[in-house]
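A closer look at the structure
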Amino acid sequence: MEDFFNKWNSATPEEVKSRAEEMNAQLANDPNINLEEFNAELRAINAVIANQAEKRSRTTRGIVHTFGEDVLATPEYRSAFYKNLLSQKLSENEQAAYTAGLKEIERRSDYVINSTGAAAAIPTQSLNEVLSGAHGSSGILAACRHFTIPANVSIPVSTPATGAGWHVEGDNTDASRQDFTTVSFAGYELIKLFSLSVKTQKMSVKSLEAFLTQELSESITTAIADALINGNGVNMPLGLLEGVTWVADENLIEAEELIQPDDIIQGLKLLMPAYSHNVKIALSHKTLFDLMLIKNGHGEPVFMADYNSSEINRLLGYEIVLDDYLPDDVIIAGNFSFLAVNMPQGIIIESSRDSSFRRGLIDLRAMAIADCKVLAPEAFVQIKAVQANG
C-alpha cells in the first residue's frame, strides 16, 4: 500500500478521482483481477483522497486548523453545527471546523445526488445517537454492518475464506484466493420536514441536540430500520425479506400453526458452516412472547436465563435480536454482518426562515441518502408459521 500511496499522493485530485473511476470499471469487468494488489491500491487511493481533503480544510483565512480524519466527529464541528442552527456566533475554530465539514459533505456528494451547498451534516456523535435511538425496536439495524461509501460505486466485500490446507514438505503451495463479492449501493432519498419556533434561538446547544436526536430517530432512522427488513426495492431499498430468494428446505422452514423449538433447530441446520460464526436469532416481541410459553420435555422453558440480567436474551444458546419490524411468527437466523446499511452523507440538515416568516417559525429539512443490501443471501435462514403468514 505504501508504494501506491507515494505514487498517488503527489497527483492532482482530478487524477486521483479518474483513477478511482477506472478501478471501479476494472472491478466490474475484469474477472482475473489481482484482488490483493487491487485492494492495496484502493486503500491507498482512499487514503490519498482523505489526505487531500484534509489539506484543503486545514487553511481557513490564513490560519492552519487540524481536525483529524473525520471533521464531523470533532467537538468544534458539533458545537458549530448547532450554533449555526440557532443563529449564534461561531468562534474562529468553530467556523473553521464548520467550513471544513461543508467541504467534506461536498466531496462526498460528488458520487451522490446533488444537494444544496449550504446544507450541513449532523455531527458524527449525534448521528450515532440517532441510529441507536431506534435500536429498542430494531435490533437488526444495530446488528448489521454500516457503511459510509459513495453511492453507485462497486466495492469488494469478502465472504468466508477457504480454510488452510495440509502441506507436504517440499511441495509447492498455491496461494488461495480470497472469495469476494462486489456490492454497489444505490442512493435513495429520505426527507423529513419540521418547524421550530424562533424562540428556539434561545435554546442551549444541548437542548437542541436532544430535540433533533429524538425527531430524527422517530422519522429517518425508523424508515431505514423498516426498509432494512421489508423494503421492496421500488423507490426504496430492497430489504432482507424481499432481497433473499426463500426456498423450502434450503433456507426456509415452514411451520404449521405456531413455530416450535424443533422448527428453529431444523432452520439452524440449514445454515452453511462457513456462516455459522456469530449466528443470531431475530424475531419480534410477540413471537418472543409466544415462544416463552413453550416448554421442553421436562416442563422447563426453552430459553437460557441470563443470571446477570432480568432479561431472557438467548434461545437454544443463540443470542436473540428483537426487532418489531419483522412480521409476527417470522424468525430470521443468520450472521447479520452480511446485511448492510449505507449512508454516504449521514443526515443532512438545512434550515430556512422564508416559508414560515409570517408565523415566526424556522423550517428544518432533514435528508438522508441511504440504501440496504444483503451481502450474502446464503448467510440467512427463515422460519415462519405458514397459517399465520400464508
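Residues numbered from 1 in each chain as written. Predicted model: local features only at pLDDT ≥ 70, side-chain atom pairs only at ≥ 80, totals over all residues. Heavy atoms only, no water.

A look at the overall build of the chain
Keep this limit in mind: Note on conventions: DSSP H or I runs of at least 4 residues are helices, E runs of at least 2 residues are strands, and numbering of each starts at the N terminus. Three exposure classes are used, based on accessible area relative to the maximum for each residue type with a 1.4 Å probe and protein chains only: buried under 20%, partly exposed in between, and exposed over 50%. By definition in these notes, contact holds between two residues if any of their heavy atoms fall within 4.5 Å.
Looking only at helices and strands, the chain features 12 helices and 17 strands. Sorting the 390 residues of the chain into buried and exposed places 43% on the buried side. Contacts spanning at least 24 positions in sequence make up 75% of the contacts within the chain whose residues lie at least 6 apart.

Examining the packing of aromatic side chains
Applied cut-off: In this analysis, rings of Phe, Tyr and Trp, with Trp reduced to its six-membered ring, are considered paired at centre separations within 6.5 Å, and the interplanar angle assigns stacked below 30 degrees, edge-to-face beyond 60, and tilted for intermediate values.
Enumeration over the complete set of coordinates arrives at six aromatic pairs. Geometrically, the ring pair formed by Tyr 275 and Phe 338 is edge-to-face, given 5.1 Å between the ring centres and 80 degrees between the ring planes. Remark: Phe 338 occurs in the loop between strand S13 (330-334) and strand S14 (339-342) and Tyr 275 occurs in the loop between helix H10 (261-269) and strand S9 (280-283); sequence separation between them is 63 residues. Phe 338 carries the same exposure label as Tyr 275, and that label is buried. In this structure an aromatic cluster arises from ring pairing among Tyr 77, Phe 81, Tyr 82 and Tyr 98.

Some points on the confidence of the model for the chain
To keep things clear, this is the line we draw: Known as pLDDT, the predictor's per-residue confidence is scaled from 0 to 100.
Chain-level statistics for the chain give a pLDDT mean of 78 and a share of 76% at 70 or above. The lowest-confidence element of the chain is strand S2 (residues 63-64), averaging 44 in pLDDT; the highest-confidence one is S13, averaging 96. Confidence drops under a pLDDT of 50 for residues 59-64, and excluding neighbours within four residues, the segment shows eight contacts in the predicted structure. Scored below 50 in pLDDT, residues 110-118 makes 22 contacts in the model with residues more than four places away or belonging to other chains.

A short note on the pairing of strand S17 (residues 380-385)
The criterion, for reference: Pairing between two strands is assigned when DSSP locates at least 2 bridges connecting them.
Counting buried positions over the six residues of S17 gives six, a clear majority of the element. Strand direction decides the pairing type here: strand S8 (residues 252-255) and S17, joined by four bridges, are parallel. The residue bridging Ile 253 from the neighbouring strand is Ile 383, located in S17.

Looking at the state of the cysteines
For clarity, the threshold we go by: Two cysteine sulfur atoms form a disulfide, by the criterion used here, when they sit within 2.5 Å.
Applying the stated criterion to the full structure yields zero disulfides. With no disulfide of its own, Cys 372 lies closest to Cys 144 among cysteine sulfurs, the gap being 7.4 Å.

As for the nonpolar core
This is how it is decided: Residues enter a nonpolar core if they are buried and are Ala, Val, Leu, Ile, Met, Phe, Trp, Tyr or Cys, with the set joined through side-chain atoms within 4.5 Å.
Ile 347 and Phe 380 are the most contacted members of the largest nonpolar core, which totals 69 residues. Ranked by residue count, the leading element in this core is helix H8 (residues 205-230), at eight residues. The next biggest cluster of nonpolar side chains, apart from the first, holds 19 residues, and it includes Ile 253, Ile 259, Leu 291 and Ile 294.

Concerning the packing of helix H4 (residues 75-85) against H8
When two helices pack together, their arrangement is captured by the angle between the axes and the distance separating the axes. Applicable threshold: Axis angles are defined between N-to-C directions and span 0 to 180 degrees, where every axis is a line fitted to C-alpha atoms and, for a helix, only to the segment in contact. What sets the label is the angle itself: under 35 degrees gives roughly parallel, over 145 gives roughly antiparallel, 65 to 115 gives roughly perpendicular, and the rest give oblique. Polarity classes work like this: nonpolar for Ala, Val, Leu, Ile, Met, Phe, Trp, Tyr, Cys and Pro, charged for Asp, Glu, Lys and Arg, and polar for all others, with Gly in that last group.
H8 packs onto H4 with a crossing angle of 85 degrees between their chain directions and a minimal axis gap of 10 Å. Between H4 and H8, the crossing angle belongs to the class labelled roughly perpendicular. For the pair H4 and H8, contact is made by Arg 78, Phe 81, Tyr 82, Lys 83 and Leu 85 and by Val 205, Leu 208, Glu 209 and Leu 212, respectively. Looking at the contact of H4 with H8, its residues break down into six nonpolar, no polar and three charged.

What to know about H4
Listing the buried residues of H4 in full gives Tyr 77, Ser 79, Ala 80, Phe 81, Tyr 82 and Leu 85. Immediately beyond the C-terminal end of H4, within one or two residues, lies Ser 87, with a positive phi of roughly 60 degrees.

Thoughts on H8
We apply this condition: The span one expects for a helix is its residue count, reduced by one, times 1.5 Å. Fitting one axis to the seven residues ending at a residue and another to the seven starting there, the bend at that residue is the angle between the two axes.
Spanning 26 residues, H8 covers 36 Å between terminal C-alpha atoms, matching the ideal 38 Å at 1.5 Å per step. At Ser 217, H8 shows its maximal kink, close to 40 degrees.

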